[in-house]
Amino acid sequence: RRGSPAAALGAMTLRFVLMVNKQGQTRLAQYYERLPMDERCALEAEVIRKCLARTETQCSFFEYRGYKVVYRRYASLFFIVGVEGDDENELSILEFIHALVETLDRYFENVCELDIMFNLEKAHFILDEMVMNGCIIETNKNNILSPVMLLDKTGSL
């Protein structure tokens, strides 16, 4: 893992992004590394369990299986990001989560769990506009949403 091109360039290497409700049900999962399905399920279950068990007075990040897990709760959804390495900045990951939520909010006009469930492909498309191969490539809401709006106009998405 450490020999990846993104790591060599000093880019942040996201390994997964999860959106989970308060009951622990995954609403969106995007992985940026190859993991067998049984490992994904085990990783998701354990990370989600740990996030849900933490109190509001505890910090929003912890280490698990070589990942640094950073999460934030917005209304009924937990946004969970796993990154590789000890030198990643937790606050910048929290900023990325906030940018993602603000972008989803702008597109869905106050995003909620049902928006993600019924428009999963659009949520993935927005996330794909922000992250490529585990590297954050865009955080400007207008730049992220302009291709989505174009697809909406043409009826392709």
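Owing to the predicted nature of the structure, the values given are computational and were not obtained by experimental measurement.

**Structural notes on the nonpolar core**
Formed by 31 residues in total, the largest nonpolar core has its most connected members in F79, F96, I97 and L104. Mapped by element, the contributors of at least two residues to this core are β1 (14-21), β4 (67-74), β5 (77-84), α3 (90-108), α5 (120-130) and α6 (141-154).

**Structural notes on the packing of aromatic side chains**
Inspection of every chain in the model, using the stated rule, returns six aromatic pairs. Residues F16 and Y31 carry aromatic rings whose centres are separated by 6.0 Å and whose planes lie at 40 degrees to one another, so their mutual orientation is tilted. Residue F16 is located in strand β1, and its partner Y31 is located in strand β2 (residues 26-31); the two are separated by 15 residues in the primary sequence. Residue classification places F16 among the buried positions, given a relative accessible area of 1%. Here the aromatic rings of Y71 and F78 are separated by 6.3 Å at their centres, their planes lie at 40 degrees, and the arrangement is tilted. Given a relative accessible area of 8%, F78 falls into the buried group. Connected via pairs of aromatic rings, a cluster forms that spans F16, Y31 and Y67.

**Observations regarding the pairing of strand β3 (residues 61-64)**
Burial of β3 is one-sided: the residues F62 and Y64 facing one way are buried, the residues F61 and E63 facing the other way are not. In this structure, β3 lies alongside β4, joined through four bridges in antiparallel fashion. In the sheet register, E63 faces β4, and the bridge partner there is K68. The turn joining β3 and β4, which pair antiparallel and follow one another in sequence, is formed by two residues; a positive phi near 50 degrees is taken by R65.

**A look at the side chain of T103**
Tracing the backbone shows T103 in helix α3. When neighbours within four sequence positions are excluded, T103 is seen to be in contact with I126, M130, K141, I144 and L145.

**Quick look at the pairing of β4**
For β4, a buried count of six out of eight residues is recorded, marking the element as mostly surrounded by other parts of the structure. In this sheet, β5 lies alongside β4 in antiparallel orientation, the contact comprising eight bridges. Within the sheet, the bridge partner assigned to R72 lies in β5 and is F79. Adjacent in sequence and paired antiparallel, β4 and β5 are bridged by two residues, among which A75 carries a positive phi angle near 55 degrees.

**Considerations on the state of the cysteines**
Considering all chains together, one arrives at zero disulfides under this definition. Considering cysteine sulfurs only, C51 is the nearest to C41, which forms no disulfide, with 17 Å between them.

**Things to note about the pattern of salt bridges**
The tally for this structure, following the rule as stated, stands at seven salt bridges. Between E90 and K68 there is a salt bridge; the shortest N-O distance is 2.9 Å. In this pair, E90 sits in helix α3 while K68 sits in strand β4, placing the two residues 22 residues apart along the sequence. Across the pair, K68 and E90 agree in class, each one buried. With its nearest N and O atoms 3.3 Å apart, the salt bridge here joins K141 to E102. With K141 in helix α6 and E102 in helix α3, this pair connects stretches of sequence that are 39 residues apart. Judged by relative accessible area, K141 falls into the partly exposed class, the value being 24%. When salt bridges that share partners are traced, they join R15, E33 and E84 into one network.

Reading guide: rules and limits
- Residues numbered from 1 in each chain as written.
- Predicted model: local features only at pLDDT ≥ 70, side-chain atom pairs only at ≥ 80, totals over all residues.
- Heavy atoms only, no water.
- Core = buried A, V, L, I, M, F, W, Y, C linked by side-chain atoms within 4.5 Å.
- Buried < 20%, exposed > 50% of the residue type's maximum accessible area, 1.4 Å probe, protein only.
- Helix = DSSP H or I, 4+ residues; strand = E, 2+ residues; numbered from the N terminus.
- Phe/Tyr/Trp six-rings, centres within 6.5 Å; stacked < 30°, edge-to-face > 60°.
- Pairing = 2+ DSSP bridges.
- Contact = heavy atoms within 4.5 Å.
- Disulfide = S-S within 2.5 Å.
- Salt bridge = Lys/Arg side-chain N within 4 Å of Asp/Glu carboxyl O.

These values are about where atoms sit, not about what they do.
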